[in-house]
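Examining the three-dimensional arrangement
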Amino acid sequence: MSDDQRDQTLPQLPLGGPPTEPAAQAPGPTGPEPEPIPFFGTTWVNHDGGYALRRAGVAIGSLVTAVAAAVLLRLSYEGLEIGNVGPFLSISVVVLFAIASAIAFVKTWDSFSRRPAPSSDEAALKGLKAIGFIGSLIAYFLRCLAEAPGEKLRRAEYERARADFARRRSSRTGNPAGRRPKRKK
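Thresholds applied
Residues numbered from 1 in each chain as written. Predicted model: local features only at pLDDT ≥ 70, side-chain atom pairs only at ≥ 80, totals over all residues. Heavy atoms only, no water. Helix = DSSP H or I, 4+ residues; strand = E, 2+ residues; numbered from the N terminus. Buried < 20%, exposed > 50% of the residue type's maximum accessible area, 1.4 Å probe, protein only. Expected span 1.5 Å × (residues − 1). Arc of directions from axis to C-beta. Core = buried A, V, L, I, M, F, W, Y, C linked by side-chain atoms within 4.5 Å. Contact = heavy atoms within 4.5 Å. Patch = residues over 30% accessible without salt bridge, like charges linked within 9 Å, V, L, I, M, F, W, Y side chains within 5 Å. Areas by Shrake-Rupley, 256 points an atom, 1.4 Å probe, with all protein chains shown as cover. Salt bridge = Lys/Arg side-chain N within 4 Å of Asp/Glu carboxyl O. Phe/Tyr/Trp six-rings, centres within 6.5 Å; stacked < 30°, edge-to-face > 60°. Lys NZ or Arg CZ within 6 Å of the ring centre and 35° of its normal.

**Focus: unusual backbone geometry**
- The phi dihedral of phenylalanine 39 falls on the positive side, at around 75°, and the residue is not glycine.
- Its location among the elements puts phenylalanine 39 in the loop between α1 (3-7) and α2 (51-82).
- Among the residues examined, phenylalanine 39 registers a relative accessible area of 62% and is labelled exposed.
- You will see that histidine 47, though not glycine, has its phi angle at about 55°, which is positive.
- Structurally, the position occupied by histidine 47 is in the loop between α1 and α2.

Shown next as structure tokens:
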């Protein structure tokens, strides 16, 4: 048997039963876990783990991407002008991107402060938000100047969940199995 094959074999248990080491006890419930935010993970809870650098990085990254996208759209508009497609189509393209960016900005900004309703029109607006991605990038940039995008919403939900968990844990009076049975009258 070669060294590689030996390394891939499972460790052998001693004969006579389970391992002699005590099994790790499963810890009791520790409470609700914070929901991670994209690019930030759970560093938003205590503002640790490079939270400020991440916020600055996301802000700069979204602004640079928005500027690059605007330059790309400008080049495509110049391509329409060179193609001599006419003023109606040129103006229509500019208006379409402006409206789509405005809608994407508003929808993205609103998503930082509230969760969409299950029956909302968010799914129908995905294509429009994709066209107006510059608006979403600007919303990310502006929100990163104050906090991580969605931090306020997730912090409120997390604090509410922790308070509910503490309330549930404190209302318990002990181990129900250890209680004496009630006496019959």
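**Quick notes on helix α6 (residues 151-170)**
- An ideal rise of 1.5 Å per residue puts 28 Å on 20 residues; α6 measures up with 28 Å between its terminal C-alpha atoms.
- Of all the positions in α6, only Glu151, Leu153, Arg154, Tyr158 and Phe165 are classed as buried. Mapping the buried residues of α6 onto a view down its axis gives an arc of 155°, with all of them on the same face. Exposed side of α6, more than 90 degrees from the buried face: Lys152, Arg160, Arg167 and Ser170 are the residues found there.

**Description of the environment of alanine 102**
- With respect to the secondary-structure elements, alanine 102 resides in helix α3 (residues 87-111).
- Judged by its relative accessible area of 42%, alanine 102 falls in the partly exposed class.
- Spatially, the C-alpha atoms of alanine 102 and phenylalanine 133 are 9.5 Å apart, while their sequence positions differ by 31 residues.

**Looking at the nonpolar core**
- In this structure, Ile37, Phe40, Trp44, Val45, Tyr51, Val58, Ala59, Cys144, Ala148 and Tyr158 together form the largest nonpolar core, which totals 10 residues.
- In terms of residue count, the dominant contributor to this core is α2 (3 residues).
- Once you skip the residues sitting within four places of it in the chain, valine 45 turns out to touch Pro34, Arg155 and Tyr158.

**Considering a nonpolar patch on the surface**
- Taken together, Leu63, Val67, Val71 and Leu75 make up a surface patch of nonpolar side chains, about 340 Å² in accessible area.
- With respect to the element layout, valine 71 can be found in helix α2.
- Residue valine 71 is classed as partly exposed on the basis of its relative accessible area of 47%.

**Section: the packing of aromatic side chains**
- The final tally for this structure, using the stated rule, is 5 aromatic pairs.
- Seen from their ring centres, tryptophan 44 and tyrosine 158 are 6.2 Å apart, and the 80° between their planes marks the pair as edge-to-face. With tryptophan 44 in the loop between α1 and α2 and tyrosine 158 in helix α6, this pair connects stretches of sequence that are 114 residues apart. Of the two residues, tryptophan 44 and tyrosine 158, neither departs from the other in class, the shared state being buried.
- Note on tryptophan 109 and phenylalanine 112: the rings are 6.2 Å apart at their centroids and 70° apart in plane angle, and the pair reads as edge-to-face.
- Clustering of aromatic rings is evident, with ring pairs tying together Phe105, Trp109, Phe112 and Tyr140.
- Positioned over the ring face of tryptophan 109 is arginine 143, at 4.6 Å from the centre of the ring.

**Re α3**
- Here α3 contains 25 residues, and its C-alpha end-to-end distance of 36 Å stays within 8% of the 36 Å for a straight helix at 1.5 Å per residue.
- Residues of α3 that are buried: Ser90, Ala100, Ser101, Ala104 and Thr108.
- Along its buried surface, α3 packs onto α2, α4 (126-131) and α5 (133-144).

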